[in-house]
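# A closer look at the structure
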Amino acid sequence: MTAEDEQASQSAVGRLNVTGQGFCTATLVAPDLVLTAAHCLINRRTGKVVSSDKVHFLAGFRIGSYAAHGRGEAVALAAGYSRARKVVAADIGVIRLQAPMPPSVVPIPLADGIKEDLDITLLSYGMDRAQLLSVERGCHFKKRISSVIFTDCEGIPGVSGAPLLQVHDGRAVLVAIASSILAQPKTLIPVGDILAVEATQDRLDQMLMQLTGAEVLDALPTGQTAVPAAATGIGIPTP
């Protein structure tokens, strides 16, 4: 887990609470924009996108306190996302907040893409430490299928939506969003290597174009692949 002073410098990463559902991890990437996994923004009972006013981003959340609180104004998912079909390649969503975060919460920029030879850092709120930000350093890229990134970062429920960071040209950038895990057999809590969806500015721009009327689409865009059959979802636990 991160120390309090270290977490203060990473307050762009926070807990995403969805009223009536539970929580995921999310990241501020612009003063009023938050990225997370698409499946965190789907009502588990109806299968529809959750109402944006039920989405709360708690920047730098730590044992009940936080650096800032933002409520959702609009929600959009990547085209082609379908929870029923476990489409990891499109498991990314954006929330526009009702107001920008204060300047003290500095957004984490997006990268042009993941660099396969660099270490990855994962920041997350797992169900085993739901009140504290956990950090896993030195995990690695393993392979990719389209925009699905296979890693050796360890994931459990609650890690959904967590940012995978790398240092590019001397600054930390967000390269992917945690989606699912390749679960180990016979574990009490699902645990395994994380599958992530690559996050780029182009992808964010595509979602921003349809922020006012986001829907879960059935069609799978060309080049996107569903998650391997062995994968298991990792969100969203109840607080």
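## Description of the layout of surface pockets
Its boundaries defined by the atoms lining it, the second largest pocket holds a volume of some 220 Å³. L122, S124, G126, D128, R129, S134, V135, E136, E154, G155, I156 and V159 are the residues that line the second largest pocket. Counting only elements with at least two residues in the lining of the second largest pocket, the list comes to β7 (120–124), β8 (134–139) and β10 (148–155). Per-element accounting of the lining of the second largest pocket gives the leading share, three residues, to β8. Each residue belonging to the lining of the second largest pocket can be placed in one class, and the counts come to four nonpolar, four polar and four charged.

## Brief notes about the packing of aromatic side chains
The final tally for this structure, using the stated rule, is one aromatic pair. For the pair F61 and Y125, a centre-to-centre distance of 6.1 Å together with 65° between the ring planes defines the contact as edge-to-face. Pair noted here: F61 is in the loop between β4 (55–59) and β5 (68–77) and Y125 is in the loop between β7 and β8, with a separation of 64 residues, a long-range link. With respect to class, F61 is no different from Y125; both count as buried. Positioned above the aromatic ring of F61, the side-chain terminus of R15 is 4.7 Å from the ring centre. The ring of F150 carries the charged tip of K143 above its face, separated from the ring centre by 4.7 Å.

## Side note on the nonpolar core
Counting residues in hydrophobic clusters, the biggest one holds 53 residues, and the most contacted among them are L35 and F57. If you tally residues by element for this core, the top one is strand β2 (residues 22–30), at six residues. Among all residues touching L35, those that are not within four sequence positions of it are A26, T27, V29, I92, G93, V94, L110, G161, I177, A199, L204 and M207. Judged by nonpolar contacts, the second largest core, of 20 residues, contains C153, A176, A178 and I194.

## Points about the side chain of T25
Its place among the elements puts T25 in strand β2. What makes T25 buried here is its relative accessible area of 0%. Of the polar contacts made by the side chain of T25, one reaches the backbone nitrogen of Y125; its length is 3.0 Å.

## Looking at helix α2 (residues 201–208)
Those residues of α2 lying buried are R203, L204 and M207. Taken end-on, α2 shows its buried residues confined to a sector of 100°, consistent with a single buried face. In α2, those exposed residues whose orientation departs by more than 90 degrees from the buried face are D202 and Q206. Buried residues along α2 sit in contact with β2, β3 (33–36), β5, β6 (93–97) and β13 (192–198).

## Considering the sheet that holds β3
One key point about sheets: their strands pair by backbone hydrogen bonds, in either a parallel or an antiparallel sense. Pairing is antiparallel around the closed barrel formed by six strands, whose spatial order is β1-β2-β3-β6-β5-β4. Mean inter-strand twist for the sheet, computed between neighbouring axes without regard to direction, equals 40°. Across four bridges, the pairing between β4 and β5 is antiparallel. Across the sheet, residue F57 finds its bridge partner in β5, namely G70. Of the strands in this sheet, β2, β3, β5 and β6 touch α2, which is tilted by about 60° from β6.

## With respect to the environment of S134
Mapping S134 onto the fold places it in strand β8. In this structure the C-alpha to C-alpha distance between S134 and L122, which are twelve residues apart in sequence, comes to 8.0 Å.

## With respect to the side chain of T200
With respect to the helices and strands, the residue T200 is situated in the loop between β13 and α2. For T200, a relative accessible area of 19% gives the class buried. Once you skip the residues sitting within four places of it in the chain, T200 turns out to touch L110, A111, D112 and G113.

The rules we used
Residues numbered from 1 in each chain as written. Predicted model: local features only at pLDDT ≥ 70, side-chain atom pairs only at ≥ 80, totals over all residues. Heavy atoms only, no water. 1 Å grid on protein atoms, 1.4 Å probe; cavity = no way out; pocket = protein on both sides within 12 Å on 5 of 7 lines; lining within 4 Å. Points joined across faces, edges and corners; volume = space filled by probe spheres on them. Helix = DSSP H or I, 4+ residues; strand = E, 2+ residues; numbered from the N terminus. Nonpolar A, V, L, I, M, F, W, Y, C, P; charged D, E, K, R; others polar. Phe/Tyr/Trp six-rings, centres within 6.5 Å; stacked < 30°, edge-to-face > 60°. Buried < 20%, exposed > 50% of the residue type's maximum accessible area, 1.4 Å probe, protein only. Lys NZ or Arg CZ within 6 Å of the ring centre and 35° of its normal. Core = buried A, V, L, I, M, F, W, Y, C linked by side-chain atoms within 4.5 Å. Contact = heavy atoms within 4.5 Å. Polar contact = N/O pair within 3.5 Å; in protein donor to acceptor, adjacent residues only side chain to side chain. Arc of directions from axis to C-beta. Pairing = 2+ DSSP bridges. Axes fitted to C-alpha atoms, helices over the stretch in contact; angles between N-to-C directions.

Interpretation in functional terms is not warranted from these geometric data alone.
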